[in-house]
Amino acid sequence: MNTQAPDAQSLKKQRVAQAAIQHLSDGMILGVGTGSTVNAFIDQLGPWARRLAGAVSSSDASTTKLKTLGIPIVDLNAVDGLSLYIDGADEANDRLELIKGGGAALTREKIVAACAERFICIVDESKLVPYLGAFPLPVEVIPMARRLVSRELARLGGQPTHRAGVVTDNGNEILDVHGLRITDAVGLESRINQITGVVTVGLFAARPADLLLVGTAAGVREVRRPA
Ligand code: 5RP
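Residues numbered from 1 in each chain as written. Predicted model: local features only at pLDDT ≥ 70, side-chain atom pairs only at ≥ 80, totals over all residues. Heavy atoms only, no water.

Let's talk about the sheet that holds strand β8 (residues 159-162)
1) Next: Pairing is antiparallel in the open sheet, where 4 strands are placed in the order β8-β9-β7-β10. What marks the edges here is a single partner per strand, and that holds for β8 and β10 (198-201). Each strand axis lies, on average, 30° off the axis of its neighbour in the sheet, ignoring direction.
2) Next: The sheet contact formed by strand β7 (residues 137-141) and strand β9 (residues 173-178) spans 5 bridges and is antiparallel. Residue pairing for β9: Val141 is matched across the bridge by Glu173.
3) Next: Most of the contacts of helix α5 (residues 146-155) go to β9, to which it runs at about 15°, and overall it touches β7, β8, β9 and β10. (Pairing = 2+ DSSP bridges. Helix = DSSP H or I, 4+ residues; strand = E, 2+ residues; numbered from the N terminus. Axes fitted to C-alpha atoms, helices over the stretch in contact; angles between N-to-C directions. Contact = heavy atoms within 4.5 Å.)

Written as structure tokens, this is what we have:
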């Protein structure tokens, strides 16, 4: 048994995960994201295992954890939509635009987010930034297009690097784009989406979060999108 007290950041993740639990309702099919903050959320889902109708998972890693709790995994094609999706982020701004994909699950995450009526993003306060881009922007690419996409991303002002050794759940590769200071996230998402060979860009701006729950030393802060 691990008797060590959680460190300050883990505690913030646990807090924010607990706050997200308050948004669940009986009988729902829940969209579940990926990452350590989401893992903290799944760790608290035990009492909900029989209350949820099931979960749509955004990664093989989350699927494994959800199955351990006995939560039925639902195929996204078996439902017409989801009322709620809960996921973390690598960076978030006060417009609730996000960079995601640090865990390489961005494509499935974007698909599940697109199906959700409400997207609640859970982060600790280290993820809140005035401008997106200090965290290298992940882009999932078809393997044979990696160099083509790299050249196009360099034209947009970034410095792409290949995330060596990583193959996504969809069999693709990841480029991490360094050196961006993103002032028009919606515009950049659209431009990168148009590059041939790009599967998904980890900018979640056209479909941002609806509610950001931020774990801080003092508790959990709610950030809503400006009207
Ligand atoms: C995975 C993601 C994660 O949400 C993101 O990387 C945040 O992870 P963590 O909660 O471990 O910081 O986008 O693709």
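Having seen it, we continue.
Thoughts on the site of the ligand
1) Next: Not every one of the 16 residues close to the ligand is listed here, only the nearest: Ser36, Thr37, Asp90, Gly101 and Lys127.
2) Next: A distance of 3.5 Å separates an oxygen atom of the ligand from a polar atom in the side chain of Asp87.
3) Next: A distance of 3.3 Å separates an oxygen atom of the ligand from a polar backbone atom of Gly103.
4) Next: When the free accessible area of the ligand is taken as 370 Å², the share hidden by the protein chains comes to 90%.
5) Next: Of all the cavities here, the one that holds the ligand is the largest pocket. (Near = heavy atom within 4 Å. Polar contact = N/O pair within 3.5 Å; in protein donor to acceptor, adjacent residues only side chain to side chain. Areas by Shrake-Rupley, 256 points an atom, 1.4 Å probe, with all protein chains shown as cover. 1 Å grid on protein atoms, 1.4 Å probe; cavity = no way out; pocket = protein on both sides within 12 Å on 5 of 7 lines; lining within 4 Å. Sits in = over half its atoms within 2 Å of the grid points.)

So, unusual backbone geometry
The phi torsion of most residues other than glycine is negative, and most of the peptide bonds are trans.
1) Next: Unusually for a residue other than glycine, Leu96 sits at a positive phi of about 70°.
2) Next: Tracing the backbone through its elements, the reader meets Leu96 in the loop between β4 (91-92) and β5 (98-99).
3) Next: Among the residues examined, Leu96 registers a relative accessible area of 0% and is labelled buried.
4) Next: For Ala104, which is not a glycine, the phi torsion comes out positive at approximately 70°.
5) Next: Relative to the helices and strands, Ala104 is located in the loop between β5 and α4 (106-115). (Buried < 20%, exposed > 50% of the residue type's maximum accessible area, 1.4 Å probe, protein only.)

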